[in-house]
Amino acid sequence: MHIAVGGNIGAGKTTLTELLSKHYGWQTHYEDVDTNPYLLDFYDDMQRWAFNLQVYYLNSRFTQIQEIKESEKTIIQDRTIYEDAFIFAPNLHSMGLMTTRDFENYFSLFNLLESFISAPDLLIYLRASVPKLVQNIQKRGREYEESIRIDYLKRLNERYEAWISTYDKGKVLIVDIDENSFHDNPEDFGKIINMIDAELHGLF
Ligand SMILES: Nc1ncnc2c1ncn2[C@@H]1O[C@H](COP(=O)(O)OP(=O)(O)O)[C@@H](O)[C@H]1O
Ligand SMILES: Nc1ncnc2c1ncn2[C@H]1C[C@H](O)[C@@H](COP(=O)(O)O)O1
């Protein structure tokens, strides 16, 4: 089975992925951050590196999906390929940070790859307000993310909300992070587990 955790930068995907993997014994697939060859440069000059970063993520996320498909274990994936293609890439294009020919080239590659993949059986979407995202990003303290602007997070959040409101590729569970402090509150984490158990029940 394939479970995925989606949400904006700093929503708590990695933290929840870790906690759920410990709770259920699921295998984890994290996104490539520390060894990503473009991320640092991207935050330094988004216009120069937008296309390179998007192609890199497309490749790495597609590779992960192939591994998940071949595995017999239940895998929990930190972020989906859909978030790259329907949120980050079009946002960079609309901000004028990716040219139309690059975006169209990227998107036709995504369309081709999409015909080979299946959506996660369950997508857990972490919804968070921009102030909460800023708080979490600051708490995490990655130096290169200090350049992330409020406006960038706000635009991504708007795209996330539009995307999730029409998402119909599989089951979805929405967790409001402003209302649920699963990170340090066992009772709140228990609420998420109960919701997931109810969704998983329908999958077996
Ligand atoms: N629900 C939460 N409450 C408080 N802090 C959180 C919560 N979820 C994550 N954090 C903290 O916020 C930071 C970013 O979380 P992370 O899981 O790396 O987010 P993401 O993977 O979505 O970018 C980390 O320092 C983490 O410890
Ligand atoms: N597709 C992407 N485009 C631009 N930036 C991206 C993309 N996917 C991930 N990122 C960035 C955002 C963060 O700085 C790091 C890690 O993501 P996180 O949400 O913190 O797990 O990569």
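Counting of residues starts from 1 at the beginning of each chain's written sequence and follows it residue by residue. Lettering of chains starts at A and numbering of ligands starts at 1, both following the order in which they are written. With the structure being a predicted model, the display of local features is reserved for residues of pLDDT at least 70 and the display and counting of side-chain atom pairs for 80 or more, all residues being used for whole-chain, interface and lining totals. The basis for every side-chain value is the complete set of heavy atoms in the structure, and neither hydrogens nor water enter the calculation.

**What about the nonpolar core?**
Membership of the largest hydrophobic core comes to 64 residues, with the highest contact counts inside it found for I9, L16, L20, F42, I124, Y152 and I196. Where helices and strands are cited, they refer to DSSP runs of H or I of at least four residues and of E of at least two residues respectively, numbered from the N terminus. The dominant element in this core, judged by the number of residues it contributes, is helix α3 (residues 46–70), at eight residues. Ignoring anything within four residues of it in the chain, the contact list for L16 reads V5, I124, L126, F182, F189 and I192. Remark: nonpolar core denotes a set of buried residues (Ala, Val, Leu, Ile, Met, Phe, Trp, Tyr, Cys) joined through side-chain atoms within 4.5 Å. Partly exposed describes any residue whose relative accessible area lies between the buried limit of under 20% and the exposed limit of over 50%, with all areas from a 1.4 Å probe on protein chains only and scaled to the type maximum. By definition, residues are in contact when any of their heavy atoms lie within 4.5 Å.

**What to know about the pairing of strand β1 (residues 2–7)**
Of all the six residues making up β1, six are buried; the element is thus mostly covered by neighbouring parts of the structure. Along β1, one buried face is formed by H2, A4 and G6 and the opposite face, lined by I3, V5 and G7, is buried too. Paired strands, in this sense, are two strands between which DSSP finds at least two bridges. Two elements, β1 and strand β3 (residues 75–78), share four bridges in a ladder whose sense is parallel. Directly across from V5, in β3, lies its bridge partner D78. Looking at chain direction, β1 and strand β4 (residues 122–127) are connected through five bridges and run parallel. Counted as the bridge partner of V5 is I124 from β4.

**Observations concerning the pattern of salt bridges**
The term salt bridge refers to a side-chain nitrogen of Lys or Arg lying within 4 Å of a carboxyl oxygen of Asp or Glu. The full count for this structure, using the stated rule, is 14 salt bridges. Across the pair K191 and D188 runs a salt bridge whose closest N-O atoms are separated by 3.5 Å. With K191 and D188 both in helix α8 (residues 186–203) and three residues apart, this pair spans about one turn of that helix. Classification of D188 as buried rests on a relative accessible area of 8%. Here the salt bridges do not stand alone but share partners, grouping E31, R61, R79, E83 and D84 into one network.

**What about the confidence of the model for the protein?**
Across the chain, each position has a pLDDT score giving the predictor's confidence in that residue, from 0 to 100. Confidence in the prediction for the protein averages 96 pLDDT; 100% of positions are at 70 or higher. Interface confidence for the predicted complex, expressed as ipTM, amounts to 0.93; the pTM equals 0.96.

**Focus on the pairing of β4**
A regular strand carries its side chains on alternate faces of the sheet. Of all six residues in β4, five are buried, a share of seventy percent or more. Note that β4 and strand β5 (residues 171–176) share six bridges and pair parallel. Within β5, the position partnered with Y125 by the bridge is I174.

**What about the site of ligand 1?**
Distances are taken per atom, and a residue is near a molecule or strand as soon as one of its heavy atoms is within 4 Å of it. Lining the immediate surroundings of ligand 1 are 14 residues, of which K13, T14, T15, K139 and R140 lie closest. Throughout this description, a polar contact denotes any pair of N or O atoms lying within 3.5 Å of each other; where both atoms belong to protein, one of them has to be capable of donating a hydrogen while the other can accept it, and for residues adjacent in sequence the pair is counted only when both atoms sit in side chains. For ligand 1, an oxygen atom lies 2.8 Å from a polar atom in the backbone of G12. Burial of ligand 1 by the surrounding chains reaches 89%, relative to a free accessible area of 560 Å². Among the elements of the structure, α1 (13–24) and α6 (130–140) are those that each provide at least two residues to the shell around ligand 1. In this classification, the charged set is Asp, Glu, Lys and Arg, the nonpolar set is Ala, Val, Leu, Ile, Met, Phe, Trp, Tyr, Cys and Pro, and all remaining amino acids, among them Gly, are polar. Among the residues making up the shell around ligand 1, the classes are represented as two nonpolar, eight polar and four charged. Accessible surface is estimated by sampling points in the Shrake-Rupley manner with a 1.4 Å probe; for residues, cover comes only from the protein chains shown.

**Observations concerning α8**
Residue count minus one, scaled by 1.5 Å, sets the expected span of a helix. Under the 1.5 Å per step criterion, the end-to-end length of α8 is 25 Å for 18 residues, consistent within 8% with the ideal 26 Å. Taken as a whole, α8 has its buried residues at D188, F189, I192, I193, I196, E199 and L200. Angularly, the buried residues of α8 cover 140 degrees about the axis, an arc narrow enough to put them on a single face. Away from the buried face of α8 by more than 90 degrees, exposed residues E187, N194, A198, H201 and G202 are located. Of the surrounding elements, those touching the buried residues of α8 are β1, α1, β4 and β5. N-capping of α8 is provided by N185, with a side-chain oxygen placed 2.9 Å from the backbone N of E187. Here the arc refers to the set of directions running from the helix axis out to each C-beta atom.

**A look at the site of ligand 2**
As a structural note, the neighbourhood of ligand 2 is formed by 17 residues, with K13, E31, Y43, Q54 and E145 the closest of them. Y43 is positioned such that a nitrogen or oxygen atom in its side chain is 2.6 Å from an oxygen atom of ligand 2. Take Y57: an N or O atom from its side chain is 3.1 Å from an oxygen atom of ligand 2. Notes on ligand 2: free accessible area 470 Å², of which the protein chains cover 100%. Looking at the shell around ligand 2, the elements with two or more residues in it are α2 (39–44), α3 and α4 (81–94). Of the residues forming the shell around ligand 2, the biggest block, four residues, is contributed by α3. Here the shell around ligand 2 is composed, by residue class, of eight nonpolar, one polar and eight charged.

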